[in-house]
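Read off the chains here:
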Amino acid sequence: MYFLSFEDVDILRKRAESFLRNALYLIGIGDNNLAMFNLEQYCQLILKYKSLVIKGSYPRTHSLRRLIRELGEFDSRILTLVNDVKNIHYIARLEEAYITSRYLPIEYTSEEVNDIVKFVMEVFKPLVESIRTQSTTVP
């Protein structure tokens, strides 16, 4: 069995934060489509990081909903992201961005991206950051 060091696990967190910084930069230069993709990647990787720290692994999925539900087993507060109708709308849009920004000719407007980034910064990020990260599974 392969065990990840804390430094290895922390790479995932740093990569997630880089996606968020890049999304903010891309919004600033008007590249809305890639900004949406970067926002989704931030959300996906930070959820996987939290799962890895808490459980020692994470599900092999791109579904934000599944990742959130998995973390909900350890901290039910995060389930508001999928159980609250206002929040699930944003989560669904982020999941949609994973596919559309890569494979479909859909253009995101600056209003759409600004609405999503506001959700990520004001709702998603603080909630995910509040999840405990103590674990005995990661050496």
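Bear in mind that the values here come from a model prediction, so they are computed numbers and not experimental data. (Residues numbered from 1 in each chain as written. Predicted model: local features only at pLDDT ≥ 70, side-chain atom pairs only at ≥ 80, totals over all residues. Heavy atoms only, no water.)

## Some remarks on helix 2 (residues 32-55)
Helical geometry note: an α-helix holds 3.6 residues per turn, so side chains three or four residues apart project in the same direction.
Thinking step 1. When the terminal C-alpha atoms of helix 2 are compared, their 34 Å separation across 24 residues agrees well with the 34 Å that a helix rising 1.5 Å per residue should span.
Thinking step 2. By the criterion of burial, helix 2 is predominantly enclosed, with 22 of the 24 residues buried.
Thinking step 3. Looking at the residues trailing helix 2, positive phi occurs at Gly 56, about 90 degrees. (Helix = DSSP H or I, 4+ residues; strand = E, 2+ residues; numbered from the N terminus. Expected span 1.5 Å × (residues − 1). Buried < 20%, exposed > 50% of the residue type's maximum accessible area, 1.4 Å probe, protein only.)

## Details of the side chain of Asn 33
Thinking step 1. Positionally, Asn 33 belongs in helix 2.
Thinking step 2. When its relative accessible area of 17% is taken as the criterion, Asn 33 is described as buried.
Thinking step 3. A distance of 2.8 Å separates the side chain of Asn 33 from the backbone nitrogen of Tyr 108, its partner in a polar contact. (Polar contact = N/O pair within 3.5 Å; in protein donor to acceptor, adjacent residues only side chain to side chain.)

## Considering a nonpolar patch on the surface
Thinking step 1. Where nonpolar side chains cluster on the molecular surface, the patch consists of Ile 99, Tyr 103, Leu 104 and Ile 106 and spans about 380 Å² of accessible area.
Thinking step 2. When you line up the elements, Tyr 103 lands in helix 5 (residues 85-103). (Patch = residues over 30% accessible without salt bridge, like charges linked within 9 Å, V, L, I, M, F, W, Y side chains within 5 Å. Areas by Shrake-Rupley, 256 points an atom, 1.4 Å probe, with all protein chains shown as cover. Salt bridge = Lys/Arg side-chain N within 4 Å of Asp/Glu carboxyl O.)

## Notes on the side chain of Lys 50
Thinking step 1. Within the secondary structure, Lys 50 is located in helix 2.
Thinking step 2. The charged side chain of Lys 50 is buried without a salt bridge, its nearest counter-charge being Glu 129 at 7.5 Å.
Thinking step 3. Within polar-contact distance, the side chain of Lys 50 engages the backbone oxygen of Val 128 at 3.5 Å. (Lys, Arg positive; Asp, Glu negative; His and termini not counted.)

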